[in-house]
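# Descriptive analysis of the structure
Okay, here's what each chain looks like letter by letter:
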Amino acid sequence: MKTPALITLALPALLAGCANSPSAEEQAAMAADARKTSGALIQKLGGELKASMSAKGPESTIVVCKVRAPEIAAEVSKQSGFEVKRVSPKNRNPAGVPDAWEAEAQASLEKRMAAGEKPETLDTWQVVSTPNGKVFRYAKALPVQPVCLSCHGDPAAIPDGVKAVLATEYPQDKAIGYAPGMIRGIVSVQRPL
Ligand code: HEC
């Protein structure tokens, strides 16, 4: 039997534990939310990308990726309460560098894809402890589709006009050389607990 003193000591720790360690069910619910949030970004951005590509071609669509991608990510973040962004180990935007968790998440998704999982449904999540408390983190794979290739494909497949704009706007660009079926990057979603 515990003494009152021990209970007094243990209670705050237990309460903190409850607040900070969501159950598997709670995590699954957050993952469902995060999946919906990343889906909203992918759908909105993908829609604008495809519409602009067929109306104006790739060179004039670069602006959709440059301006609209961060705007849509900010809108979706505001609506969902998650922080939402796109990152890639071969980033084009200098700010698109993955942190350690994101890099590991993408590597694990790539392994699962190599083992036969469909790239469109690949995602993963985890509760991570940080110096500022626990954070729920989620990653969704962004598979390369044919529409991506005029801006992220083999350099030979990228139109000269696109190359010229990319060289001016993104002198540090690493985001070329992709083929369909590869994972271009992830949508990274997080929320402090
Ligand atoms: C019209 C050219 C164009 C097309 C088509 C395009 N992208 Fe991009 N992509 C860009 C540009 C430009 C950026 C940098 C955006 C920025 O400044 O944030 C970018 C950035 C990204 C990023 C963010 C990480 C990074 O490298 O900075 C991801 C992920 C990405 N693209 C995936 C895709 C996928 C997947 C497709 C196909 C469905 C696609 N892109 C199609 C031009 C394009």
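The text that follows walks through the structure, step by step, so that each part is easy to find. Residue positions are given per chain, counted from 1 along the sequence in the order it is written. Whole-chain, interface and lining totals are the exception, using all residues; otherwise, since this is a predicted model, local features are given only for residues with pLDDT of at least 70 and side-chain atom pairs are given and counted only at 80 or more. Hydrogens and waters are ignored; side-chain quantities use all the structure's heavy atoms.

## Side note on the site of the ligand
Using the following cut-off: Throughout, near means a residue has at least one heavy atom within 4 Å of the molecule or strand. Two N or O atoms form a polar contact when they lie within 3.5 Å of each other; inside protein one atom must be a possible hydrogen donor and the other a possible acceptor, and for residues adjacent in sequence the pair counts only when both atoms belong to side chains. The numbering of helices and of strands both runs from the N terminus, where a helix is a DSSP run of H or I of at least 4 residues and a strand a run of E of at least 2. Lys, Arg, Asp and Glu make up the charged group, whereas Ala, Val, Leu, Ile, Met, Phe, Trp, Tyr, Cys and Pro make up the nonpolar group; the residues left over, Gly among them, are polar.
For the ligand, the set of nearby residues contains 21 residues, the closest of which are Cys148, Cys151, His152, Tyr170 and Arg184. For the ligand, an oxygen atom lies 2.6 Å from a polar atom in the backbone of Arg92. Between an oxygen atom of the ligand and a side-chain N or O atom of Tyr170, the distance comes to 2.5 Å. Those elements giving two or more residues to the shell around the ligand turn out to be α2 (24-56), α3 (58-80), β3 (133-143) and α5 (149-152). It is α3 that provides the largest number of residues to the shell around the ligand, a total of five residues. Within the shell around the ligand, the residues separate by chemical class into 11 nonpolar, five polar and five charged.

## Observations concerning the pairing of strand β2 (residues 123-130)
Applicable threshold: Two strands pair under a simple rule: DSSP has to find at least two bridges between them.
As paired elements, β2 and β3 share eight bridges and run antiparallel to each other. Bridge pairing in β3 places Trp125 opposite Tyr138. Two successive antiparallel strands, β2 and β3, enclose a turn made up of two residues.

## Here we look at the packing of aromatic side chains
As a reminder of what qualifies: Think of it this way: a Phe, Tyr or Trp ring, Trp meaning its six-membered ring, pairs with another when their centres are within 6.5 Å, and the plane angle makes it stacked under 30 degrees, edge-to-face over 60, tilted otherwise. Geometrically, a lysine NZ or arginine CZ counts as sitting over a ring once it is within 6 Å of the ring centre and also within 35 degrees of the ring normal.
Applying the stated criterion across every chain yields a total of one aromatic pair. Taking NZ or CZ as reference, Lys90 lies 4.6 Å from the ring centre of Tyr178, over its face. When the ring centre of Phe82 is taken as reference, the NZ or CZ atom of Arg191 above it lies at 3.9 Å.

## Digging into the sheet that holds β2
The criterion, for reference: Helix axes are fitted to C-alpha atoms over the stretch in contact, other axes to C-alpha atoms as well, and angles between N-to-C directions run from 0 to 180 degrees. By the convention used here, residues are in contact when the closest approach between their heavy atoms is within 4.5 Å.
Taken together, four strands build an open sheet; the order of strands is β1-β4-β3-β2 and the sheet is antiparallel. Of all strands in the sheet, those with a lone pairing partner are β1 (83-87) and β2, marking the two edges. The mean inter-strand angle of the sheet, taken between neighbouring strand axes irrespective of direction, is 25 degrees. Here α2 sits on the sheet and contacts β1, β2, β3 and β4 (183-192); the angle it forms with β3, its principal contact strand, is near 40 degrees.

## A look at the pattern of salt bridges
Once their charged atoms are close, side chains differing in charge can pair, the charge on each being opposite to the other. Quick note on the threshold: The term salt bridge refers to a pairing of a side-chain nitrogen on Lys or Arg with a carboxyl oxygen on Asp or Glu at a separation within 4 Å. Exposure categories follow from relative accessible area, calculated using a 1.4 Å probe and restricted to protein chains: below 20% of the type maximum is buried, above 50% is exposed, and the middle band is partly exposed.
Here the structure, examined in full by the defined rule, presents 14 salt bridges. For Asp33, the salt bridge identified is with Arg191, shortest N-O distance 3.8 Å. Of this pair, Asp33 sits in helix α2 while Arg191 is found in strand β4, placing the two residues 158 residues apart along the sequence. Take Asp33: its relative accessible area is 33%, and that puts it in the partly exposed class.

## Quick word on the coordination of the iron atom of the ligand
Cut-off, in case you're wondering: In this listing, donors mean N, O and S atoms no farther than 2.8 Å from the metal, or 3.2 Å for Na, K and Ca; water is missing from the atoms, so a site can look incomplete.
The protein gives the iron atom of the ligand a lone donor atom, His152 (NE2), placed 2.1 Å from the metal. Here His152 is to be found in helix α5.

## Considerations on the nonpolar core
This is how it is decided: Definition used in this section: a nonpolar core is a set of buried Ala, Val, Leu, Ile, Met, Phe, Trp, Tyr and Cys residues joined via side-chain atoms within 4.5 Å.
Counting 17 residues, the largest nonpolar core has Ala34, Leu41, Phe82, Val84, Phe136, Val187 and Val189 as the members making the most contacts within it. When contributions to this core are tallied by element, the ones reaching two or more residues are α2, α3, β3 and β4. In contact with Ala34, other than residues within four places in its own chain, are Phe82, Phe136, Tyr138 and Val189. Formed by 10 residues, the second largest nonpolar core is a distinct cluster that contains Val87, Trp101, Leu122 and Ala139.

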